[in-house]
Amino acid sequence: MAHSYVQVTTATDSRAEAAELARSAVAERLVACAQLVGPIASTYWWEGEIESAEEWMVLFKTSADRFDELASLITEGHSYDTPEIIATPVVAGSMDYLAWITEQTEPEEQDEAIAEDDRD
């Protein structure tokens, strides 16, 4: 069965929180890569008012089957009441890069390799 991939986006009000979300997702092998972009200027509706804020965006690269776990991690670690969590399908990409995403986000293979290293 062919793998499918997504890029998941969120934004937060601090670089430190964005970096922690990125680090946590990579450490948990929910994503192969997380990129911080910012600061960015955001304008949006919130509680009946137009708001503007400086934010930091995080772009997560992962396989589609890891989305639910990633969304949970973002929700739990995010300071916003309603964090942005948007998954965009990857319709094409470098085969080598996509294979790398698959390798990095398959926890059972990674756990076995770590266990073997611990036995040495």
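Residues numbered from 1 in each chain as written. Predicted model: local features only at pLDDT ≥ 70, side-chain atom pairs only at ≥ 80, totals over all residues. Heavy atoms only, no water.

- Labelled according to an unreviewed UniProt entry, the protein chain appears under the name Periplasmic divalent cation tolerance protein, originating from Actinomadura citrea.
- Word for word, the UniProt comment on the protein chain under Sequence similarities (unreviewed entry) is "Belongs to the CutA family." (UniProt positions renumbered as here; feature names shortened; annotations may be inferred.)

**Quick notes on the side chain of Thr-105**
- With respect to the element layout, Thr-105 can be found in the loop between helix 3 (95-104) and helix 4 (107-119).
- Classification of Thr-105 as buried rests on a relative accessible area of 3%.
- Beyond its immediate sequence surroundings of up to four residues, Thr-105 is in contact with Arg-29, Leu-30, Val-31, Ala-32, Thr-62, Ser-63 and Arg-66. (Helix = DSSP H or I, 4+ residues; strand = E, 2+ residues; numbered from the N terminus. Buried < 20%, exposed > 50% of the residue type's maximum accessible area, 1.4 Å probe, protein only. Contact = heavy atoms within 4.5 Å.)

**Brief notes about the sheet that holds strand 1 (residues 5-12)**
- If you trace the four strands from one edge of the open sheet to the other, you get 2-3-1-4, paired in antiparallel fashion. With partners counted over all chains shown, the strands left at the sheet margins are strand 2 (33-46) and strand 4 (86-89), one partner each. The mean inter-strand angle of the sheet, taken between neighbouring strand axes irrespective of direction, is 30 degrees.
- As defined by bridge partners, strand 2 adjoins strand 3 (residues 49-63) across twelve bridges and the pair is classed as antiparallel. Paired with Ser-42 across the bridge in strand 3 is Ala-53. (Pairing = 2+ DSSP bridges. Axes fitted to C-alpha atoms, helices over the stretch in contact; angles between N-to-C directions.)

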